[in-house]
Amino acid sequence: MASKRSQQECSNTDTKKKKKKSNETLTAELCAVLGEEEVKRGVREAWRSRTSYRQGDLELDCHPFPHCIIKNFLSGEKFVENLQKELLELNFHEKSNDLYKFKQSDDLKKRKEPHITGLRAALFGSFRSWLGEVLGVELEPTVDISCAQYEYTDVLLCHDDELEGRRVAFILYLVPPWQSGDGGTLDLYSTDSNFQPESIVKSLVPSWNTLVLFEVSSVSFHQVSEVLSQDKCRLSLSGWFHGPSLERPPCYVEPSIPRNPHLPRDETVLLEWVNPIYMDISYQEQIQGEFEDSSEIQLKDFLREEKFREVSEALRLPQIQWTKKGPPNRRCYEVASLDSLPHCVSACWELLHSEAFFLLLSNVTGLRLHYLCPVDDDEKEKTEKEGAEEAEAPETSDESPSANESTGKELSTPVCSGEVRQWSHGGYTLLHDEEAAQAEYALDLVLNFGCTGWQSEFGGFTCYVANEEDEELLTIYPEDNSLTLVYRDKETLKFVKHVNHKASSESTPRRFYNFSFVYYE
């Protein structure tokens, strides 16, 4: 405000001079190595042959996919410092979903600040031309650039950047002195035979005035690791150069998780495990009414206290074999081998698979998870109507319809799938296009253990969202001995938010466990 006020107090001549100065175009000078024809030729040949190349401040490496690092990218130190100042004065907005958490500026395409304007002109002018010659493709003049701030616990999880038109991604770092222990590294993943990310094989530590660029493809999986420093800001400019996309292989479809019908166990297993309050028929009817209103409910103190304590202690035993489950562009958590479960944990697993439990779920949700579940009036009317329509339909073959076909469709057998999971620092699940395409009606069940002291700021909570929308429909936080039931339709997806560094301490890293099941009518 002071500078504006002083301008108004100046004479007309001074004002014109100041305006003239503010409209002057500042040129961002790029590092000298980019002007050398020998370097351009060397980079072009190495990129095409997928080999390495290094000259001065420029380094090209094609493992695990082509990427280039250019130190001292902008030649004028004063220009870089002023650019940083302009960027820090921008408005930043908190961005958070399944994939990331950080602060991002508005689009820089039309910003008028002199140093931002100068950098934009250089990147999408002379540097775009240089890069196009190196790649042997004509890059479009499309300007796609923004600024990001990553601070403590901010992260961008594994993804490939592929979107129609994106050919090369770039990041320009404007960070204080940075070490790998500060987090915020750009991690590059190797891929398996199905073009899925496998493991981190290279981590690039941010450094002042360094540009990193890489080719966007079906294997360009990368992440920004969680920032662990509590007093440093990872400031960067990033965006894409657009051009003809590389050919993409057919989309990989994961094998479906096996689904099993209930185990033959009678009501005795419920009496042994479940809090007696939930065995009361009138209370079950009350729960069903609440569930039908909101499609979700949390049943607190669900297990008998002695059973809950027994399972909680057993889940910490070293005999359980935990395996990290991926791939990292979809999920990262530990799942228990069923063969290694202690007896009481295995018994709890059988409880959730039992016929008696299927019937209990039917009673508290109204879903048809057991053949003894009564059919409500709407469902009965729908079934009778479908049966009448099929009976009245003209026959199109010599064969007469079977009794089942003429009186309505045969009910499918209710099934379920489930896992015993361990959640600790770095755990998450992500939304995925394949998941959205295969979404179906289902009942989600989660029963948590070991959540004492767990705070929402640690992450690890489950979010339900509408497909292709950012709005969260429901958030469920881990809570001991609380059975959560959520009925989702084909347009509802879920993810578990990344468990961040706050969940860890030097003495006792925090973790919790849950039984995660899905039931299908």
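Asks: Please set out the side chain of His432 residue by residue, giving values where relevant.
Replies: Here His432 is to be found in the loop between strand E18 (428-429) and helix H13 (433-437). A polar side-chain atom of His432 sits 3.1 Å from the main-chain amide nitrogen of Glu434. Once residues lying within four places of it in the same chain are set aside, the contact partners of His432 are Asn329 and Arg330.

Asks: Just give me the short version of helix H4 (residues 77-88), but keep the residues and values in it.
Replies: With 12 residues, H4 extends 17 Å from end C-alpha to end C-alpha; this agrees with the ideal 16 Å at 1.5 Å per step. Along H4, the positions that sit buried rather than exposed are Phe79, Val80, Asn82, Leu83, Glu86 and Leu87. When H4 is viewed along its axis, its buried side chains cluster within an angular range of 165° and face the same direction. The secondary structure elements touched by the buried residues of H4 are strand E4 (92-96), helix H5 (114-135), strand E6 (145-150) and strand E13 (234-242).

Asks: A description of H5 should follow, citing residues and the corresponding values.
Replies: Helix length check: H5, at 22 residues, gives a terminal C-alpha distance of 30 Å against a target of 32 Å (1.5 Å per residue), a fit within 8%. Of all the bends found along H5, the most pronounced is centred on Arg128 and spans about 45°.

Asks: Break down the sheet that holds strand E23 (residues 492-496) for me, citing the residues and quoting the values.
Replies: Strand pairs in the sheet, formed through backbone hydrogen bonds, run parallel or antiparallel to each other. On the basis of which strands lie adjacent, the open sheet formed by three strands has the order E21-E20-E23 and antiparallel pairing. Only two strands of the sheet have a single neighbouring strand rather than two, namely strand E21 (472-476) and E23. Adjacent strand axes in the sheet meet at a mean angle of 20°, parallel and antiparallel pairs treated alike.

Asks: Describe the pairing of strand E19 (residues 442-449), with residues and values.
Replies: Within E19, eight of the eight residues are buried, which leaves the element mostly enclosed by the surrounding structure. Where burial is concerned, the two faces of E19 agree: the one with Ala442, Asp444, Val446 and Asn448 and the one with Leu443, Leu445, Leu447 and Phe449 are both buried. Relative to strand E22 (residues 483-488), E19 runs antiparallel, the two being bridged by six bridges. Looking at E22, one finds that Leu447 is bridged to Leu483. One ladder, built from seven bridges, connects E19 with strand E24 (residues 512-520); its direction is antiparallel. The residue of E24 that forms the bridge with Leu443 is Tyr519.

Asks: Just give me the short version of the packing of helix H9 (residues 343-353) against helix H10 (residues 355-365), but keep the residues and values in it.
Replies: Running from amino to carboxyl end, H9 crosses H10 at an angle of 55°, the nearest separation of the two axes being 5 Å. Relative to H10, the element H9 is oriented oblique. Only Glu355, Phe357 and Phe358 of H10 make contact with H9, whose side of the interface consists of Leu351, Leu352 and His353. Residues of the contact of H9 with H10, tallied by class, amount to four nonpolar, one polar and one charged.

Asks: Describe the pairing of E13, naming the residues involved and giving the relevant values.
Replies: Most of E13 sits out of view: eight of its nine residues are buried. Bridge count for E6 against E13 is six bridges, and the pairing is antiparallel. Bridging from a neighbouring strand, Ser146 pairs with Ser238 of E13. With seven bridges connecting them, strand E8 (residues 166-173) and E13 associate as antiparallel partners.

Asks: I'd love a proper account of the pattern of salt bridges, names of residues and values included.
Replies: Per the counting criterion, the structure on display carries 26 salt bridges. A salt bridge links Glu350 to Arg265; the shortest N-O distance between them is 3.1 Å. One end of the pair, Glu350, is in helix H9; the other, Arg265, is in the loop between E13 and helix H6 (268-273), with 85 residues separating them in the sequence. Under the relative-accessibility criterion, Glu350 is labelled partly exposed at 30%. Here Glu305 and Arg309 are joined by a salt bridge, their closest N and O atoms 3.5 Å apart. In this pair, Glu305 and Arg309 are both assigned in helix H8 (residues 305-314), four residues apart and thus about one turn of the helix distant. The class of Glu305 is partly exposed, set by a relative accessible area of 43%. The network of salt bridges with shared partners includes Glu254, Arg330, Arg331 and Glu434.

Asks: Please give an account of the packing of aromatic side chains that cites residues and values.
Replies: In total, this model carries 24 aromatic pairs according to the counting rule given. With a centroid separation of 5.2 Å and 55° between ring planes, the pair formed by Phe461 and Tyr477 is classed as tilted. Placement of the pair is Phe461 in the loop between E19 and strand E20 (462-466) and Tyr477 in the loop between E21 and E22, with a sequence separation of 16 residues. Taken together through their ring pairs, the aromatic side chains of Tyr278, Tyr283, Phe302, Trp349, Phe357, Phe358, Phe517 and Tyr519 make up a single cluster.

Reading the values: the criteria
- Residues numbered from 1 in each chain as written.
- Predicted model: local features only at pLDDT ≥ 70, side-chain atom pairs only at ≥ 80, totals over all residues.
- Heavy atoms only, no water.
- Helix = DSSP H or I, 4+ residues; strand = E, 2+ residues; numbered from the N terminus.
- Polar contact = N/O pair within 3.5 Å; in protein donor to acceptor, adjacent residues only side chain to side chain.
- Contact = heavy atoms within 4.5 Å.
- Expected span 1.5 Å × (residues − 1).
- Buried < 20%, exposed > 50% of the residue type's maximum accessible area, 1.4 Å probe, protein only.
- Arc of directions from axis to C-beta.
- Bend = angle between axes of the 7 residues up to and from the residue.
- Pairing = 2+ DSSP bridges.
- Axes fitted to C-alpha atoms, helices over the stretch in contact; angles between N-to-C directions.
- Parallel < 35°, antiparallel > 145°, perpendicular 65-115°, else oblique.
- Nonpolar A, V, L, I, M, F, W, Y, C, P; charged D, E, K, R; others polar.
- Salt bridge = Lys/Arg side-chain N within 4 Å of Asp/Glu carboxyl O.
- Phe/Tyr/Trp six-rings, centres within 6.5 Å; stacked < 30°, edge-to-face > 60°.

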